[in-house]
Amino acid sequence: QVQLVESGGGLVQAGDSLRLSCANSGRAFSYNIMGWFRQAPGKEREFVASIRRSSDSTYYADSVKGRFTISRDGAKNTVYLQMNTLNPEDTAVYYCAAAFRATMPSEDAWDYWGQGTQVTVSS
């Protein structure tokens, strides 16, 4: 069974950096797109970033563009989210997700989700 596990979250101060990791601890599978999402208390889950397996092309939400970087390591079957210049608005539970679709799926069409890792940024 595919099981995505996030790690690397924590409590940091504004301006600090964190690197999140997402690894598949279950059976291997072929995905086309990996993504990161986040959800703050009382808010809807929102898209953060994505990366395509075939081309490594990336896409970012405007709120994180220039500060966050998504990358992948095929040998380790791991996807990363480097988060720089964090601010309190980045506080949320961060989730990774995988999609088999070749095109960017809608938020309800991702095939697998991790359990999430908490990121808290103090001012």
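The paragraphs below set out a description of the structure included in this document. (Residues numbered from 1 in each chain as written. Predicted model: local features only at pLDDT ≥ 70, side-chain atom pairs only at ≥ 80, totals over all residues. Heavy atoms only, no water.)

Looking now at the packing of aromatic side chains. Aromatic ring pairs: the centre-centre distance and the angle between the two ring planes describe each pair. Scanning the model with the defined rule gives 5 aromatic pairs in all. Ring centres of Phe-37 and Trp-110 lie 5.3 Å apart, and the angle between their planes is 85°; this geometry places the pair in the edge-to-face category. Of this pair, Phe-37 sits in strand 4 (residues 33-39) while Trp-110 sits in the loop between strand 9 (92-99) and strand 10 (112-113), and the two are 73 residues apart along the sequence. The class of Phe-37 is buried, set by a relative accessible area of 2%. Exposure remark for Trp-110: the relative accessible area of 6% places this residue in the buried category. Ring centres 4.8 Å apart and planes at 55° place the aromatic pair Phe-37 and Trp-113 in the tilted group. Of this pair, Phe-37 sits in strand 4 while Trp-113 sits in strand 10, and the two are 76 residues apart along the sequence. (Phe/Tyr/Trp six-rings, centres within 6.5 Å; stacked < 30°, edge-to-face > 60°. Helix = DSSP H or I, 4+ residues; strand = E, 2+ residues; numbered from the N terminus. Buried < 20%, exposed > 50% of the residue type's maximum accessible area, 1.4 Å probe, protein only.)

Membership of the largest hydrophobic core comes to 35 residues, with the highest contact counts inside it found for Trp-36, Leu-81, Met-83 and Tyr-94. Residue assignment for this core shows that the elements contributing at least two residues are strand 3 (18-24), strand 4, strand 5 (46-52), strand 7 (68-73), strand 8 (78-83), strand 9 and strand 11 (117-122). Looking at this core element by element, the count peaks at 6 residues for strand 9. (Core = buried A, V, L, I, M, F, W, Y, C linked by side-chain atoms within 4.5 Å.)

Note on terminology: disulfide describes a covalent bond linking the sulfur atoms of two cysteines. The full count for this structure, using the stated rule, is 1 disulfide. What pairs with Cys-22 in a disulfide is Cys-96, and their sulfur atoms sit 1.9 Å apart. Classification of the bridge connecting Cys-22 and Cys-96 rests on its S-S torsion, roughly 55°, and on that basis the disulfide is right-handed. In this pair, Cys-22 sits in strand 3 while Cys-96 sits in strand 9, placing the two residues 74 residues apart along the sequence. Residue classification places Cys-96 among the buried residues on the basis of a relative accessible area of 1%. (Disulfide = S-S within 2.5 Å.)

Attention now goes to unusual backbone geometry. Phi angles above zero are rare outside glycine, and Asp-56 is one such case at about 65°. Positionally, Asp-56 belongs in the loop between strand 5 and strand 6 (58-60). Taking the relative accessible area as the measure of exposure, Asp-56 reaches 39% and is therefore partly exposed. The backbone phi angle of Thr-85 is positive, close to 50°, even though this residue is not glycine. Overall, the relative accessible area of 48% leaves Thr-85 in the partly exposed class.

Everything listed is a geometric property; what it means functionally is a separate question.
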